[in-house]
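Observations on chain architecture
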Amino acid sequence: MTSRFFSALRRLLKALEKSSANLETRPTIGLALGSGGANGLAHIAILQVFDELGIVPDRITGTSIGAVIGGLYAAGLSAEQIKNIFEAVAGSPLDGLLGLVKSDVKLADLMPFRRNGSGLLDSTGFLNLLASYTKVRAFEELRIPLQVVATDYWTADSVVLTTGDLFLAIEASMAVPGLFTPVPYAEHLLIDGGTSNPLPFDLLQGEVDLVIAVDVSGNSQPDLGQEIGLSDTLFTSFKIMQQAITRQALRRQAPDILLRPEALGVRLAHFHRIHEILIAAKPAAAALRELLEDVLANSPKPVSPTPL
């Protein structure tokens, strides 16, 4: 056991003590799913733990890939169903923009190149595919309260979306600058939420007893044998920016539990490596399982599995 694990356990026990005044409930749980491209598929492994233990988070916040997966989960899809979606569309390498041109990957059909406009790819087909797996279309129809984070292109302010069109909000949250076109939304023009709040655990603090944040922004270990191309420079620069923002946020106030699953060498567009990513997430998922089992064991009222 690491000192980090015991620190998280102490915070969990404090949350249990705080909730003990109400003998009918377990501690409320908030889950923040961060931005990080393909490495964000690790969120699925974390959600599988909740499903297997029969615990439904009380709130979810998500940025970019975290908004995609968090939105589907909040709409009622299980972690296994979400995994099946990404397995179906990620059959070949998406090695940056060049890979999209050279391969016959299904995602290339779902995200065709634009000849005009401010983004290279069109995400409409991908979002339509996601929407086809659920009847939910608006935040108000979700089974779990959800906050989706995007960024105002003109003001640089973080914009938290909680009402209206769910998939339009997801489209805005994942609109990586230069890759996807900014999304008009009410009075805003929105881009990827990772440019302002890549790990939105702060939105949960003070709202729930236990805040769990899943950071999938990756590490900064050098790969001296890597040939760096244009897409690598674009994606790595975006990752560096997100990591810097997250470090500052963690210095101000950390979440109760911070999970950092990562598959080494996975780049932003490597969705074809889903199985490798999920295997690499197993240690983080196992640590979370142990902590949540303590929640169940110490909760005054047992938590029964919720049908999905």
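Since the structure is predicted, the reported quantities are computational estimates derived from the model, not experimental observations.

1. Focus: the environment of Tyr185
Here Tyr185 is to be found in strand 5 (residues 183-185). Residue classification places Tyr185 among the buried positions, given a relative accessible area of 12%. The spacing of Tyr185 and Leu161 is 24 residues in sequence and 9.6 Å in space, taken between C-alpha atoms. Apart from the residues within four sequence positions on either side, Tyr185 is in contact with Phe139, Leu161, Thr163, Asp165, Leu168, Ala169 and Leu190. For Tyr185, the side chain forms a polar contact with the main-chain oxygen of Thr163, separated by 2.9 Å.

2. Here we look at the confidence of the model for the protein
Counting all residues, the mean pLDDT for the protein is 82, and 75% of those residues have values of 70 or more. Scored below 50 in pLDDT, residues 92-115 shows 58 contacts in the model against residues more than four places distant or in partner chains. Contacts for the low-pLDDT stretch residues 301-308, under 50 throughout, to residues beyond four places or in other chains number 13 contacts.

3. Notes on the pairing of strand 3 (residues 146-152)
Burial within strand 3 is extensive, with seven of its seven residues counted as buried. Two elements, strand 2 (residues 59-63) and strand 3, share four bridges in a ladder whose sense is parallel. Considered in strand 3, the bridge of Ile60 is made with Leu146. Where strand 3 folds back on strand 4 (residues 158-161), the antiparallel hairpin that results is connected by five residues, among which Ala156 adopts a positive phi of roughly 70°. Relative to strand 6 (residues 188-192), strand 3 is paired through three bridges, and the arrangement is antiparallel. Following the sheet pairing, Ala150 is matched in strand 6 by Asp192.

4. Describing helix 8 (residues 166-173)
Counting buried residues along helix 8, six of its eight residues qualify, which places the element largely inside the surrounding structure. Taken together, the buried positions of helix 8 are occupied by Leu166, Phe167, Ala169, Ile170, Ala172 and Ser173.

5. Some thoughts on the nonpolar core
Residues Phe50, Phe86, Ile212 and Leu292 are the most contacted members of the largest nonpolar core, which totals 79 residues. At eight residues, the largest contribution of residues to this core is made by helix 2 (residues 42-53). Apart from the residues within four sequence positions on either side, Ile212 is in contact with Ile29, Gly30, Leu31, Ala32, Phe50, Ile257, Leu259, Leu288 and Leu292. Counting residues in hydrophobic clusters, the runner-up holds nine residues, among them Ala32, Val208, Val211 and Ala213.

6. So, the packing of aromatic side chains
Counted under the stated rule, the structure contains three aromatic pairs. Ring geometry for Phe86 versus Phe271: centroids 6.3 Å apart, planes at 15°, classification stacked. With Phe86 in helix 4 (residues 79-89) and Phe271 in the loop between strand 8 (257-259) and helix 10 (274-280), this pair connects stretches of sequence that are 185 residues apart. Of the two residues examined, Phe86 and Phe271, each falls in the buried class. Between Tyr153 and Trp154, the ring centres sit 4.9 Å apart and the planes meet at 80°, which makes this aromatic pair edge-to-face. Here the aromatic cluster, defined as three or more aromatic residues joined through ring pairs, consists of Phe86, Phe126 and Phe271. Of note, Arg143 hangs over the ring of Tyr73, and the distance from its end group to the ring centre comes to 4.8 Å.

7. Description of unusual backbone geometry
If you check the backbone angles, Ala156 has positive phi at about 70° while not being a glycine. Structurally, the position occupied by Ala156 is in the loop between strand 3 and strand 4. Judged by its relative accessible area of 53%, Ala156 falls in the exposed class. Even without being a glycine, Ala186 presents a positive backbone phi close to 55°. Residue position: Ala186 is located in the loop between strand 5 and strand 6. Judged by relative accessible area, Ala186 falls into the exposed class, the value being 70%.

8. Looking at the pattern of salt bridges
Inspection of the entire model under this criterion finds seven salt bridges. Its salt-bridge partner being Glu52, residue Arg289 comes within 2.0 Å of it at the nearest N-O pair. Of this pair, Arg289 sits in helix 11 (residues 282-298) while Glu52 sits in helix 2; the two residues are 237 residues apart in sequence, bridging distant segments of the chain. Taking relative accessible area as the criterion, Arg289 reaches 25% and is therefore assigned partly exposed. Glu80 is the partner of Lys83 in a salt bridge, and the nearest nitrogen-oxygen pair spans 3.4 Å. Of the two residues, Lys83 and Glu80 are both situated in helix 4; the distance of three residues between them amounts to about one turn of the helix. The class of Glu80 is partly exposed, set by a relative accessible area of 40%. Linked by salt bridges that have partners in common, Glu80, Lys83 and Glu87 make up one network.

Rules behind the numbers
- Residues numbered from 1 in each chain as written.
- Predicted model: local features only at pLDDT ≥ 70, side-chain atom pairs only at ≥ 80, totals over all residues.
- Heavy atoms only, no water.
- Helix = DSSP H or I, 4+ residues; strand = E, 2+ residues; numbered from the N terminus.
- Buried < 20%, exposed > 50% of the residue type's maximum accessible area, 1.4 Å probe, protein only.
- Contact = heavy atoms within 4.5 Å.
- Polar contact = N/O pair within 3.5 Å; in protein donor to acceptor, adjacent residues only side chain to side chain.
- pLDDT = per-residue confidence, 0-100.
- Pairing = 2+ DSSP bridges.
- Core = buried A, V, L, I, M, F, W, Y, C linked by side-chain atoms within 4.5 Å.
- Phe/Tyr/Trp six-rings, centres within 6.5 Å; stacked < 30°, edge-to-face > 60°.
- Lys NZ or Arg CZ within 6 Å of the ring centre and 35° of its normal.
- Salt bridge = Lys/Arg side-chain N within 4 Å of Asp/Glu carboxyl O.

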